[in-house]
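If you want the building blocks of each chain, they are given just below.
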Amino acid sequence: MRIDIISAVPDLLESPFQHSIMKRAQQKGLFEVIIHNLRDYGIGRHKQIDDYQFGGGAGMVMKIEPIANCINDLKAQRSYDEVIYLTPDGKKFDQPMANRLSMLSSIILLCGHYKGVDERVREHFVTLEVSIGDFVLSGGELAAAVMVDAIGRLIPGVLGDETSALFDSFQDNLLAPPVYTRPEEYNGWRIPEILKSGHDGKISEWRYEESIKRTQARRPDMLKD
Ligand code: 6GU
């Protein structure tokens, strides 16, 4: 899978994909994240990418031409399954959306800034608008990093243990059960005995029950359907 990110602040995206799981996935050639500096497509001597809004009002708006030029450049090289605009008024990102996007071969993530992009970009280039939650970030970059991480780890082969994503919280509409590692006892606090029983069936059952209890206590909304 290939993800192209278009950003006015590419420095913000320097680090998130260069560590741990995301780094290994790229080294293994399982996915590729390419960051494009919108400023390289800026207009005129000052490489302008934003401008005052028509009708007046505070806050700058991202211009259509630099974004159009960048997207058209990319589209001339390959086809894209989605052009995604990251914006607080987009569709809420969740695990089912991450699952769907992880099965695509090429997507563009366009990060918004300031007051957002000229509406004509949304009408004519963007195929999907996504928000990562009901709060406002100062730009789409951190949201893009969140999406790329959530999507990237679902690509087969990215996680060491192929099955581990299957047991994530949300993957089966339940929160994940508690986990423990050594020591068995710390400060008098013991791990649940069942986990040492060696009885796989009983352990699975215990984990499932813990998942239900935890979901009921913390996210009853998830059990409604
Ligand atoms: Cl995708 N962008 C911005 N700027 N703020 C957000 C967001 C995205 N999702 C939640 N808040």
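None of the values given here were measured: they were computed from a predicted structure.

**Let's talk about the site of the ligand**
Consideration 1: Around the ligand, the surrounding shell consists of L86, T87, P88, V130, S131, I132, G133, F135, V136, L137, G139 and A143.
Consideration 2: Between a nitrogen atom of the ligand and a side-chain N or O atom of S131, the distance comes to 3.4 Å.
Consideration 3: At 2.5 Å, a backbone N or O of F135 approaches a nitrogen atom of the ligand.
Consideration 4: Out of a free accessible area of 290 Å², the ligand has 96% covered by protein chains.
Consideration 5: Listing elements by their share of the shell around the ligand, those giving two or more residues are β5 (82-92) and β7 (128-131).
Consideration 6: The dominant element in the shell around the ligand, judged by the number of residues it contributes, is β5, at 3 residues.
Consideration 7: Its residues assigned to classes, the shell around the ligand shows 8 nonpolar, 4 polar and no charged.

**Description of the sheet that holds strand β2 (residues 32-37)**
Consideration 1: Ordered by their spatial adjacency, 5 strands build an open sheet running β2-β1-β6-β5-β7, and the pairing between neighbours is parallel. Edge positions in the sheet fall to β2 and β7, since each of these pairs with one other strand and no more. Averaged over all neighbouring strand pairs, the angle between strand axes comes to 30 degrees, with direction disregarded.
Consideration 2: Where strand β1 (residues 2-7) meets β2, 6 bridges bridge the pair, whose relative direction is parallel.

**Some words on the domain arrangement of the protein**
Consideration 1: What the domain assignment reports for the protein is domain 1 (2-152) and domain 2 (169-223).
Consideration 2: The C-alpha-based centres of domain 1 and domain 2 are spaced at 37 Å.

Conventions and cut-offs
- Residues numbered from 1 in each chain as written.
- Predicted model: local features only at pLDDT ≥ 70, side-chain atom pairs only at ≥ 80, totals over all residues.
- Heavy atoms only, no water.
- Near = heavy atom within 4 Å.
- Polar contact = N/O pair within 3.5 Å; in protein donor to acceptor, adjacent residues only side chain to side chain.
- Areas by Shrake-Rupley, 256 points an atom, 1.4 Å probe, with all protein chains shown as cover.
- Helix = DSSP H or I, 4+ residues; strand = E, 2+ residues; numbered from the N terminus.
- Nonpolar A, V, L, I, M, F, W, Y, C, P; charged D, E, K, R; others polar.
- Pairing = 2+ DSSP bridges.
- Axes fitted to C-alpha atoms, helices over the stretch in contact; angles between N-to-C directions.
- Domains from an automatic or database assignment.

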